[in-house]
Amino acid sequence: MPVPFEALIPYGIILAMFGATGAGMSKIKHMQNGGKRARRSIDQWDRQMMDRDRRLTGYLRGQSDHALAPVGFELNNPWRVEKRMS
């Protein structure tokens, strides 16, 4: 007994919406990572290096091949230290 094709239209719509959502999410993650693939299993070292790259270049996934840090980077320290008593 054949199935009427009208009964399959909602399933096609649902499938198309899942596909569009997945493609959109993938594109947004791709754009947020500066055109690079999304990273998985990021440990503390990777977070530290990504934060350093963000401070150097302004982008989370950006990297620089300059031998010298930009002006002002020597004061751009993520560590918070206490004020010393004198």
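Residues numbered from 1 in each chain as written. Predicted model: local features only at pLDDT ≥ 70, side-chain atom pairs only at ≥ 80, totals over all residues. Heavy atoms only, no water.

Caption draft 1: Fine view of the overall build of the protein chain. Secondary structure assignment for the protein chain yields two helices and zero strands. Residues classed as buried in the protein chain amount to 9% of the 86 residues present. When the accessible surface of the protein chain is split by element, carbon and sulfur atoms take 61% of a total near 8300 Å². (Helix = DSSP H or I, 4+ residues; strand = E, 2+ residues; numbered from the N terminus. Buried < 20%, exposed > 50% of the residue type's maximum accessible area, 1.4 Å probe, protein only. Areas by Shrake-Rupley, 256 points an atom, 1.4 Å probe, with all protein chains shown as cover.)

Caption draft 2: How the structure looks around the pattern of salt bridges. Here the structure, examined in full by the defined rule, presents four salt bridges. Two residues, Arg54 and Asp51, come together in a salt bridge whose shortest N-O distance is 2.6 Å. Remark: Asp51 and Arg54 occur in helix 2 (residues 44-57); sequence separation between them is three residues, near one turn of the helix. Between Arg55 and Asp51 there is a salt bridge; the shortest N-O distance is 3.7 Å. Linking Arg55 with Asp51, this pair stays in helix 2, spanning four residues, or about one helical turn. Residues joined in a network through salt bridges with shared partners are Asp51, Arg54 and Arg55. (Salt bridge = Lys/Arg side-chain N within 4 Å of Asp/Glu carboxyl O.)

Caption draft 3: Up close: the side chain of Asn33. Assignment of secondary structure puts Asn33 in the loop between helix 1 (9-32) and helix 2. By relative accessible area, which is 14% here, Asn33 ends up buried. Excluding anything up to four places from it in sequence, Asn33 contacts Ala38, Arg39 and Arg61. (Contact = heavy atoms within 4.5 Å.)

Caption draft 4: Broad picture of the UniProt feature "transmembrane region" (unreviewed entry) in the protein chain. Those places that UniProt annotates as "transmembrane region" (unreviewed entry) correspond, in this numbering, to residues 7-26. Here residues 7-26 is 90% helix and 0% strand, with 30 Å between the C-alpha atoms at its ends. (UniProt positions renumbered as here; feature names shortened; annotations may be inferred.)

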